[in-house]
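Read off the chains here:
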Amino acid sequence: MTGKLILFSAPSGSGKSTIINYLMQQGLGLHFSISATSRPPRGLERNGVEYFFLSPEEFRERIARNEFLEYVEVYEGRFYGTLKSQVDAQLSRGEHVVADVDVVGAGRIKAVYGDRALTVFVQPPSVDELRRRLEGRGTDSPEVINDRIARAEYELTFAPQFDVVIVNDRLEQAQADALAAIRRFLHAEAE
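Residues numbered from 1 in each chain as written. Predicted model: local features only at pLDDT ≥ 70, side-chain atom pairs only at ≥ 80, totals over all residues. Heavy atoms only, no water.

Chemist: What exactly am I supposed to notice about the side chain of Glu-95 here?
Modeler: Structurally, the position occupied by Glu-95 is in the loop between α3 (84–92) and β7 (96–100). Within the structure, the side chain of Glu-95 is placed 3.1 Å from the side chain of Gln-90, a separation counted as a polar contact. In this structure the side chain of Glu-95 is engaged in a polar contact, spanning 3.2 Å, whose partner is the side chain of Arg-93. (Helix = DSSP H or I, 4+ residues; strand = E, 2+ residues; numbered from the N terminus. Polar contact = N/O pair within 3.5 Å; in protein donor to acceptor, adjacent residues only side chain to side chain.)

Chemist: Honestly, the nonpolar core in this entry has me stumped. Any pointers?
Modeler: With 21 residues, the main nonpolar core has Ile-6, Phe-8, Leu-23, Leu-30, Val-120, Ile-182 and Leu-186 as its most contacted residues. Of all the elements in the fold, those that place two or more residues in this core are β1 (5–9), α1 (16–24), β8 (117–123), β9 (164–167) and α7 (171–187). In terms of residue count, the dominant contributor to this core is α7 (seven residues). The residues touching Ile-6, leaving out its near neighbours within four places in the chain, are Leu-30, Val-97, Val-98, Ala-99, Leu-118, Val-120, Ile-182, Phe-185 and Leu-186. Among the nonpolar cores identified, the runner-up in size contains 17 residues, and Leu-5, Val-87, Phe-121 and Phe-158 belong to it. (Core = buried A, V, L, I, M, F, W, Y, C linked by side-chain atoms within 4.5 Å. Buried < 20%, exposed > 50% of the residue type's maximum accessible area, 1.4 Å probe, protein only. Contact = heavy atoms within 4.5 Å.)

Chemist: What is the right way to read the sheet that holds β1 from this model?
Modeler: In a beta sheet, neighbouring strands pair by backbone hydrogen bonds and run either parallel or antiparallel. Strand order in the open sheet made by the five strands is β2-β7-β1-β8-β9, with parallel pairing throughout. Among the strands making up the open sheet, the edge pair consists of β2 (30–32) and β9. Going across the sheet, the axis of each strand differs from the next one's by a mean of 25°, ignoring polarity. Contacts between helix α4 (residues 103–113) and the sheet are confined to β1 and β8, with β1 contributing the most and set at about 160° to the helix. (Pairing = 2+ DSSP bridges. Axes fitted to C-alpha atoms, helices over the stretch in contact; angles between N-to-C directions.)

Chemist: Just to check I follow, could you spell out the side chain of His-96 for this structure?
Modeler: Looking at where His-96 falls in the secondary structure, it is placed in strand β7. On the basis of relative accessible area, His-96 is assigned to the buried category, the value being 11%. In terms of polar contacts, His-96 uses its side chain to reach the backbone amide nitrogen of Lys-4, at 3.1 Å.

Chemist: What am I meant to see in the pattern of salt bridges here?
Modeler: Pairs may arise between side chains of opposite charge once their charged atoms sit close together. Applying the stated criterion across every chain, the model contains twelve salt bridges. In this structure, Arg-65 and Glu-67 form a salt bridge, with 2.5 Å as the shortest nitrogen-oxygen distance. With a relative accessible area of 49%, Arg-65 lands in the partly exposed category. Residue Glu-67 is classed as partly exposed on the basis of its relative accessible area of 23%. (Salt bridge = Lys/Arg side-chain N within 4 Å of Asp/Glu carboxyl O.)

Chemist: Sorry if this is basic, but what is going on with the sheet that holds strand β4 (residues 51–53) here?
Modeler: Spatial strand order, β4-β3-β6-β5: four strands in an open sheet with mixed pairing. The strands lining the two open edges of the sheet, one partner per strand, are β4 and β5 (68–75). For this sheet, the mean angle separating the axes of adjacent strands, direction not counted, is 25°. Sheet analysis places β5 next to strand β6 (residues 78–83), joined by six bridges and oriented antiparallel. Looking at β6, one finds that Val-72 is bridged to Tyr-80. Helix α2 (residues 56–64) contacts β3 (35–37), β5 and β6 of the sheet and is inclined by roughly 45° relative to β6.

Chemist: What's the story with unusual backbone geometry in this structure? I'm lost.
Modeler: Note: most residues except glycine have negative phi, and most peptide bonds are trans. Located in the positive-phi region is Asn-66, a residue other than glycine, with phi close to 60°. Relative to the helices and strands, Asn-66 resides in the loop between α2 and β5. Residue classification places Asn-66 among the exposed residues on the basis of a relative accessible area of 63%.

Chemist: Help me out: how do you make sense of α7 in this one?
Modeler: Each turn of an α-helix holds 3.6 residues, which means side chains three or four residues apart point in the same direction. Taking 1.5 Å per residue as the helical rise, α7 with its 17 residues ought to reach 24 Å, and the 24 Å between its terminal C-alpha atoms agrees with that figure. Turning to α7, its buried residues are Ala-174, Gln-175, Ala-178, Leu-179, Ala-181, Ile-182, Phe-185 and Leu-186. At its buried positions, α7 is contacted by β1, α1, β2, β7, β8 and β9. (Expected span 1.5 Å × (residues − 1).)

Right, here's the structure in full:
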């Protein structure tokens, strides 16, 4: 049996991580995709567990060999990406793979896997509510919050391209909606 792929995207502050963590505890057989990064390990992070740690040169070589389903260079020499070989290995073991990717990356991965992949966009009820959430965290400067809001407005334009859009107005309802959508997807027969 081969697994399926569930791709989550959302603006920062939408509650995506909370929803994913909830889904991971629901006995659905979900497994996180292990991403690659060119940043050094932090704290007790281990290669092949939290991330695959590559040098910027190794990352660029793998890009040149077309080994990534998607990748992003956050700033000069700092890359994050999803290795095709890793996802394929997990899927071939029958694992249902969860990936947290940006809106462009979700589209790229969906194009490769087609109906074996479900794209899920978690959106806040409004941009104003998103701003309130980000300000309520108390972790970012006003400039960072403004940058995140501008990014969110851009990301929200991609929502119609996703298979499922979950509006996180009330967390419990958003979790229930996500769980129902994932269950439908996992139990649907391949056409």
